[in-house]
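# Topology and contacts: notes
Now for the letters of each chain:
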Amino acid sequence: MKVAFLGCTKYSEELFLNIIKNDKVEIAAIFSIPENFKINYSEDLVTNSNFADMEIHAKRNNIPFHYVSSEKGYRLQDYSSFLKELEVDVILVLGWYYMLSKAVRDLAKLGAWGIHASLLPNYAGGAPLVWSIIEGETKTGVTLFKLEDGVDNGDIIMQEEFPILFEDSIKEVYQKATEASIKMLNKALSLGDKNIFIKQDPDSIKIYPQRKPSDGLIDFNKPALSIYNFIRAQSNPYPGAYFVAGDNKKIVIEKARIVDK
């Protein structure tokens, strides 16, 4: 399998370090997004709190590398000629913040594949692991799917499920998602064009919004369990759940427990 790799997070980095060891896969190019970047839901630059410097790995492994942004000349579609010349089997989109146009997806023999951190069609859209914990789920998973024009609505290739324990914070759940993704991706890459693609029911897809740091404000009128889930869903490495003190300073709560009166 000859692939173009798109990623910009620590999750991307762990998957890359696993793929690079697979002698049946050739990574023909790496595309990444800067740590501070522009995206459609924010007027200001947003910061990738899980940023990984993929350029280091590209240099170390002598792989062509390009940064992508929303600016003309640096968008992924602006590299179409380069991608076409690579003649890749698949574009792997693993930890990414921009949509891929059909014109770009069609440059790969098998299209573009992404991993979404939920069991699609559940928790499509932004921050799926955070939302799963906030909603009190006891299990979730990862889905390898083919990217289409909609939000996480492409054909499902493979899924891997794992539990969310009551004591788990986002850090533990994030690690479980990474381990499940590695396991799933190894299977799928070994199958190549022999993978089975299953269509999703569009009426079953529920899309959740992206989350901003300001969304971490705690509503203390909610039940204790809801607040507990809210806190553990947004702890390190995310900005955190918080409240504002009397002197207008933000207090971030990293960990909590529920205690009877």
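Scroll up a little and you will see the structure.
Residues numbered from 1 in each chain as written. Predicted model: local features only at pLDDT ≥ 70, side-chain atom pairs only at ≥ 80, totals over all residues. Heavy atoms only, no water.

### Things to note about unusual backbone geometry
Stated formally: Numbered from the N terminus, helices here are DSSP runs of H or I no shorter than four residues, and strands are runs of E no shorter than two.
In this model, Leu-120 is joined to Pro-121 through a cis peptide bond whose omega is 15°. Tracing the chain through its elements places Pro-121 in the loop between β7 (112-116) and β8 (124-125). With omega at 15°, the peptide bond leading from Asn-236 into Pro-237 counts as cis. Within the element layout of this structure, Pro-237 appears in the loop between α7 (224-233) and β12 (241-244). Even without being a glycine, Glu-87 presents a positive backbone phi close to 55°. Structurally, Glu-87 can be placed in the loop between α3 (80-86) and β6 (90-93). For Asn-248, which is not glycine, the phi torsion reads 70° and is therefore positive.

### Things to note about helix α1 (residues 10-19)
Note the following rule: The buried label applies to any residue whose accessible area, calculated with a 1.4 Å probe on protein chains only, is under 20% of its type's maximum; exposed applies above 50%, and partly exposed to all values in between. The arc in question is the one traced by the directions running from the helix axis out to the C-beta atoms. Throughout, a residue-residue contact means that at least one pair of heavy atoms, one from each residue, lies within 4.5 Å.
Residues of α1 that are buried: Tyr-11, Ser-12, Leu-15, Phe-16, Asn-18 and Ile-19. Buried residues of α1, viewed axially, fall in a sector of 160°; they line one side. Residues of α1 that are buried make contact with β1 (2-6), β2 (26-32), α2 (54-60), β6, β7 and α6 (170-191).

### Topic: the sheet that holds β1
In plain terms, the rule: Strands were regarded as paired on the criterion that DSSP finds at least two bridges between them. Working convention: axes come from line fits to C-alpha atoms, limited for helices to the stretch in contact. Angles between N-to-C directions cover 0 to 180 degrees.
A sheet is described by the order of its strands in space; here seven strands give the open sequence β5-β2-β1-β6-β7-β9-β10, paired in mixed fashion. This sheet does not close on itself; its edge strands, each paired only once, are β5 (65-67) and β10 (156-163). Recorded for the sheet is a direction-independent mean angle of 20° between the axes of neighbouring strands. Contacts between α6 and the sheet are confined to β6, β7, β9 (139-146) and β10, with β10 contributing the most and set at about 150° to the helix.

### Regarding the pattern of salt bridges
How we decide: Salt bridges, as used here, are contacts in which a Lys or Arg side-chain nitrogen is within 4 Å of a carboxyl oxygen on Asp or Glu.
Within the structure shown, the criterion is met by 11 salt bridges. Two residues, Lys-139 and Glu-161, come together in a salt bridge whose shortest N-O distance is 4.0 Å. Taken together, the residues Lys-139 in strand β9 and Glu-161 in strand β10 connect sequence positions 22 residues apart. The partner of Asp-215 in a salt bridge is Lys-212, and the shortest N-O contact between them spans 3.8 Å. For Asp-215, a relative accessible area of 27% corresponds to the partly exposed category.

### Quick notes on α7
What sets the pattern is the α-helix's 3.6 residues per turn: residues three or four places apart point alike. For α7, a buried count of seven out of 10 residues is recorded, marking the element as mostly surrounded by other parts of the structure. Those residues of α7 that sit buried are Ile-227, Tyr-228, Asn-229, Phe-230, Ile-231, Arg-232 and Ala-233.

### Considering the nonpolar core
Grouped burial of nonpolar side chains is what soluble globular proteins tend to show. The test is simple: We define the nonpolar core as a collection of buried residues of types Ala, Val, Leu, Ile, Met, Phe, Trp, Tyr and Cys that are connected through side-chain atoms lying within 4.5 Å of one another.
Membership of the largest hydrophobic core comes to 50 residues, with the highest contact counts inside it found for Ile-19, Ile-30, Leu-92, Ile-115 and Leu-144. Per-element tally for this core: the top contributor is α6, with 10 residues. With near-sequence residues (within four places) excluded, Leu-144 lies in contact with Trp-113, Gly-114, Ile-115, Ile-156, Ile-157, Met-158, Met-184, Leu-185 and Ala-188. Membership of the second largest hydrophobic core comes to 30 residues, among which are Cys-8, Ala-28, Val-46 and Val-88.

### Describing the pairing of β9
Most of β9 sits out of view: six of its eight residues are buried. In terms of strand pairing, β7 meets β9 through four bridges, oriented antiparallel. Bridge pairing in β9 links Ile-115 to Leu-144. Across seven bridges, β9 lies against β10 in antiparallel orientation. Its bridge partner lying in β10, Thr-143 is registered against Gln-159.

### Brief notes about the layout of surface pockets
Using the following cut-off: In this analysis the probe radius is 1.4 Å and the grid spacing 1 Å, with only protein atoms considered; a cavity is a set of points the probe fits into but cannot get out of, a pocket is an open set with protein on both sides within 12 Å along at least five of seven lines, and lining residues have an atom within 4 Å of a point. Grid points are joined across faces, edges and corners, and a volume is the space filled by probe spheres set on the points. Just so you know the grouping, Ala, Val, Leu, Ile, Met, Phe, Trp, Tyr, Cys and Pro go in nonpolar, Asp, Glu, Lys and Arg go in charged, and all remaining residues, Gly too, go in polar.
Approximately 270 Å³ is the volume attributed to the second largest pocket. Forming the walls of the second largest pocket are 16 residues, and the residues nearest its centre are Glu-167, Ser-169, Arg-232, Lys-255 and Ala-256. Looking at the lining of the second largest pocket, the elements that each hand over two or more residues are α6 and α7. Ranked by residues supplied to the lining of the second largest pocket, first place goes to α7 with three residues. Looking at the lining of the second largest pocket, its residues break down into five nonpolar, three polar and eight charged.

### Structural notes on the side chain of Thr-143
Selection rule: Polar contacts here mean pairs of N or O atoms no more than 3.5 Å apart (in protein, one a potential hydrogen donor and the other a potential acceptor; neighbouring residues in sequence count only if both atoms are side-chain atoms).
Along the polypeptide, Thr-143 turns up in strand β9. Assessed through its relative accessible area of 0%, Thr-143 is described here as buried. At a separation of 3.1 Å, a polar atom in the side chain of Thr-143 contacts the main-chain amide nitrogen of Leu-120. Every residue in contact with Thr-143, bar those within four places of it in the chain, is listed here: Gly-114, Ile-115, His-116, Ser-118, Leu-119, Leu-120, Ile-156, Met-158, Gln-159 and Met-184.

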